[in-house]
Amino acid sequence: MSSSESTSQTTGDAARRERRRSNSLLLALAVGFLVFGAATGALYYALRPDMLRIAVGPPGSDDDKVVQAMADAFGSESRTVRLSPIKTEGAAESLALLAAGKADLAVGRGDLEMPAEAQAVAVVRKNFVVLWAPSGPAGKNSKRKHSPKIKEVADLAGRHVGVIGRTAANAALLRVVLSSSGVAPDKVAMTHFGTDRIEELARDASLDAFMAVGPLDSKITSDAVAATARTRGEPKFLAIETSEAIALKHPRYESEEIPPSVFNADPAWPGDKVETVSVSHLIVAKKTLSETTVAAFFRQLFAVRQAIARQVPGAAHITKPDLEKDTELPVHRGAAAVIDGNERTFLDRYGDYFWFGLLLLSGIGSAIAWLRRYLNRDEREENTSHRKRILTMVSSARTADSNQELLSLQREADAIIRETLECYDDGAIEEEELAAFGLVLELLSNAIAERRATLQRANFETVRGAATAPRG
């Protein structure tokens, strides 16, 4: 090999080594960016809070105040769940948004038409049915106590009832009560009054009885009872004695009792406990909402309940749904798991993801190995050509005519060894390829050694022959 050829090959080898280092650097950067991106994405996904849209209405109602207080409490701390309230005109509209997929949660009354696959998450409050009739006109000049014309629910036939609240659900509930008490609902007239028309309701002499549906500590109910007592005389509370039968036929309702003196202490209103029915206002979610998300929301809700109850008294009524009762609306599995203490562990929830991650990492590793081999294909081909070159050099060594030729072959072999080791250090060739290279290199070394010994013996014989030859 001439000096110019050797210089040209050295320059080419240096260029290839530089290209190989550049490819290795690019590969390392690509792998680094991939790992960093995957880690960043996983961390963001794990730490970001779930934003749940909750539909509630009407604006300014007790439910709206409670939900807004919940949203503020969730947002003021580092919580895994945040709430985004959606204002609606009422519970029916809230449930419609849930059914349409425009809300993740909704606050609705239990006796309204529920979306398909809706499930209960928490009880916001229980609304008790309060039915009462006036005993007669009240005033300072009234010397005798009037006896109420209506003493029980059955006496409402042919009467006129004032219903507090404009929701059609109250009228439907009254019809259920009337039917269970043997009164044809179409024989009873009903007039709805908004919660801002309590005084008008109390002064309406055409009304024979009144109905309110709300919590027992509801100011609206208490004010309505007091207002009718001032204008129409002492109230007579009507017991719904078929409450257990109603609860049995309609699981959305429950049999309850109104305790004595809950609306007034002196005189006691009512004077004794009164049998009635209740209907719950619920936070509901679709069955398809993640069990983990619902469980996190449920835990957070009851963690902040006492705190928000100090701001919004209505939050004190929030309770856990009863898993023992056979209700029409089942409890969401996320809430049920927390209540029962059967919530799945971290490994139970994410074990499959870990296995998938391992498989993904294995696939990425295989892809990187393939890419690395692809980028180093020139170096592997060069290593193969080096082995072939050494095999050719073995033949040349065995037929070399001088030590100078052997020395030239040895120098060329040294250059090939140096470049091959650099390739190995850069990761361009594997140990198996280096071992194969070592075999042919050992073969060359043996061939050079044998040929050098042969040449030395030949030189020695020539010298000895010349020394022993007869002189003329």
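Just so you know, these numbers come straight off a predicted model, no measurement behind them.

Caption draft 1: Expanded view of the overall build of the protein. Scanning the protein from N- to C-terminus turns up 13 helices and 10 strands. Of all intrachain contacts in the protein linking residues separated by at least 6 positions in sequence, the fraction that spans at least 24 positions is 76%. Accessible surface computed for the protein: about 26200 Å², of which carbon and sulfur atoms make up 54%.

Caption draft 2: Structural view of the packing of helix H2 (residues 62-76) against helix H8 (residues 291-309). Where H2 contacts H8, the axes come no closer than 10 Å and their chain directions differ by 105°. Classified by the interaxial angle, the pair formed by H2 and H8 is roughly perpendicular. Here Ala69, Met70, Ala73 and Phe74 of H2 come into contact with H8, specifically with Phe297, Gln300, Leu301, Val304 and Ile308. Tallied by class, the residues present in the contact of H2 with H8 amount to 8 nonpolar, 1 polar and no charged.

Caption draft 3: Region of the structure containing the layout of surface pockets. Counted as a void, the largest pocket has a volume near 1100 Å³. Lining of the largest pocket is provided by 40 residues; of these, Ser61, Asp62, Arg125, Thr195 and Ile220 occupy positions nearest its centre. Those elements giving two or more residues to the lining of the largest pocket turn out to be H2, helix H3 (91-99), strand S4 (118-134), strand S7 (209-214) and helix H6 (219-232). With 4 residues, H2 is the largest single contributor of residues to the lining of the largest pocket.

Caption draft 4: Representation of the pairing of strand S6 (residues 189-193) in the model. Judged from the 5 bridges that link them, strand S5 (residues 160-164) and S6 form a sheet pairing that is parallel. By the bridge assignment for S6, Ile164 is matched with Phe193. Handedness of the crossover joining S5 and S6 through helix H4 (residues 168-180) is recorded here as right-handed.

Caption draft 5: Examining the pattern of salt bridges more closely. Summed over the entire model, instances satisfying the criterion amount to 12 salt bridges. Residue Asp104 pairs with Arg53 through a salt bridge whose shortest N-O separation is 3.3 Å. Of this pair, Asp104 sits in the loop between H3 and strand S3 (105-109) while Arg53 sits in strand S1 (residues 50-56), and the two are 51 residues apart along the sequence. Linking Lys87 and Asp64 is a salt bridge whose minimum nitrogen-to-oxygen distance equals 2.5 Å. Here Asp64 lies in helix H2 and Lys87 lies in strand S2 (residues 81-87), a separation of 23 residues in the sequence. Linked by salt bridges that have partners in common, Lys126, Glu254 and Glu256 make up one network.

Caption draft 6: Just the nonpolar core, in detail. Ranked by size, the top nonpolar core spans 35 residues in total, and within it Met70, Leu83, Leu105, Ile283, Phe297, Leu301 and Ile308 carry the most contacts. Residue assignment for this core shows that the elements contributing at least two residues are S1, H2, S2, S3, S4, strand S10 (274-286), H8 and helix H9 (333-340). A total of 9 residues in this core trace back to one element, the largest contributor, which is H8. Excluding its chain neighbours within four sequence positions, the residues that come into contact with Leu83 are Met51, Leu52, Ile54, Met70, Ala71, Phe74, Leu105 and Phe297. Core analysis: the second largest hydrophobic core is formed by 24 residues, Leu156, Val163, Val188 and Val277 among them.

Caption draft 7: Just H2, in detail. Over its 15 residues, H2 extends 21 Å from the first C-alpha to the last, a length consistent with the 21 Å expected when each residue adds 1.5 Å. Every buried residue of H2 is listed here: Asp63, Asp64, Val66, Val67, Ala69, Met70, Ala71, Ala73 and Phe74. Structurally, H2 contributes buried residues whose contacts are with S1, S2, S3, S4, S10 and H8.

Caption draft 8: Representation of the packing of H8 against H9. Two elements in contact, H8 and H9, have axes separated by 7 Å at closest approach and are oriented at 55°. Considered as vectors, H8 and H9 are oriented oblique to each other. Crossing of H8 against H9: the hand is right-handed. Across the interface between the two elements, Glu291, Val294, Ala295, Phe298 and Arg299 from H8 touch Arg333, Gly334, Ala335, Ala337, Val338 and Ile339 from H9. Residues that form the contact of H8 with H9 fall into these classes: 7 nonpolar, 1 polar and 3 charged.

Caption draft 9: Up close: the confidence of the model for the protein. Here the protein averages 84 in pLDDT, while 81% of its residues score no lower than 70. Within the protein, helix H1 (residues 3-47) has the poorest average pLDDT of any element, 60, and S5 the best, 97. Note that residues 138-144 has pLDDT below 50 and, in this model, 6 contacts with residues that lie over four places away or in other chains.

Caption draft 10: Representation of H3 in the model. Those residues of H3 that sit buried are Ala91, Ser94, Leu95 and Leu98. Along the axis of H3, the buried residues cluster in a sector spanning 95°; they form a single face. Elements in contact with the buried residues of H3: S1, S3 and S10.

Caption draft 11: Broad picture of the side chain of Ser243. Among the secondary structure elements, Ser243 is positioned in helix H7 (residues 243-249). Accessibility expressed as a relative area gives 0% for Ser243, which makes it buried. For Ser243, the side chain forms a polar contact with the side chain of Glu275, separated by 2.5 Å. In contact with Ser243, other than residues within four places in its own chain, are Ser255, Glu275, Thr276 and Val277.

Caption draft 12: Highlighting unusual backbone geometry. The step from Asp266 to Pro267 runs through a cis peptide bond, and the omega angle for that step is 0°. Residue position: Pro267 is located in the loop between strand S9 (253-258) and S10. Across the junction of Trp269 and Pro270, the peptide omega takes the value -10°, indicating a cis bond. Here Pro270 shows up in the loop between S9 and S10. The phi dihedral of Ser261 falls on the positive side, at around 60°, and the residue is not glycine. By the element assignment, Ser261 lies in the loop between S9 and S10. Judged by its relative accessible area of 34%, Ser261 is partly exposed.

What counts, and where the lines are drawn
Residues numbered from 1 in each chain as written. Predicted model: local features only at pLDDT ≥ 70, side-chain atom pairs only at ≥ 80, totals over all residues. Heavy atoms only, no water. Helix = DSSP H or I, 4+ residues; strand = E, 2+ residues; numbered from the N terminus. Contact = heavy atoms within 4.5 Å. Areas by Shrake-Rupley, 256 points an atom, 1.4 Å probe, with all protein chains shown as cover. Axes fitted to C-alpha atoms, helices over the stretch in contact; angles between N-to-C directions. Parallel < 35°, antiparallel > 145°, perpendicular 65-115°, else oblique. Nonpolar A, V, L, I, M, F, W, Y, C, P; charged D, E, K, R; others polar. 1 Å grid on protein atoms, 1.4 Å probe; cavity = no way out; pocket = protein on both sides within 12 Å on 5 of 7 lines; lining within 4 Å. Points joined across faces, edges and corners; volume = space filled by probe spheres on them. Pairing = 2+ DSSP bridges. Right-handed = clockwise from strand over helix to strand, strands pointing away. Salt bridge = Lys/Arg side-chain N within 4 Å of Asp/Glu carboxyl O. Core = buried A, V, L, I, M, F, W, Y, C linked by side-chain atoms within 4.5 Å. Buried < 20%, exposed > 50% of the residue type's maximum accessible area, 1.4 Å probe, protein only. Expected span 1.5 Å × (residues − 1). Left-handed = near helix turned anticlockwise from the far one by under 90°. pLDDT = per-residue confidence, 0-100. Arc of directions from axis to C-beta. Polar contact = N/O pair within 3.5 Å; in protein donor to acceptor, adjacent residues only side chain to side chain.

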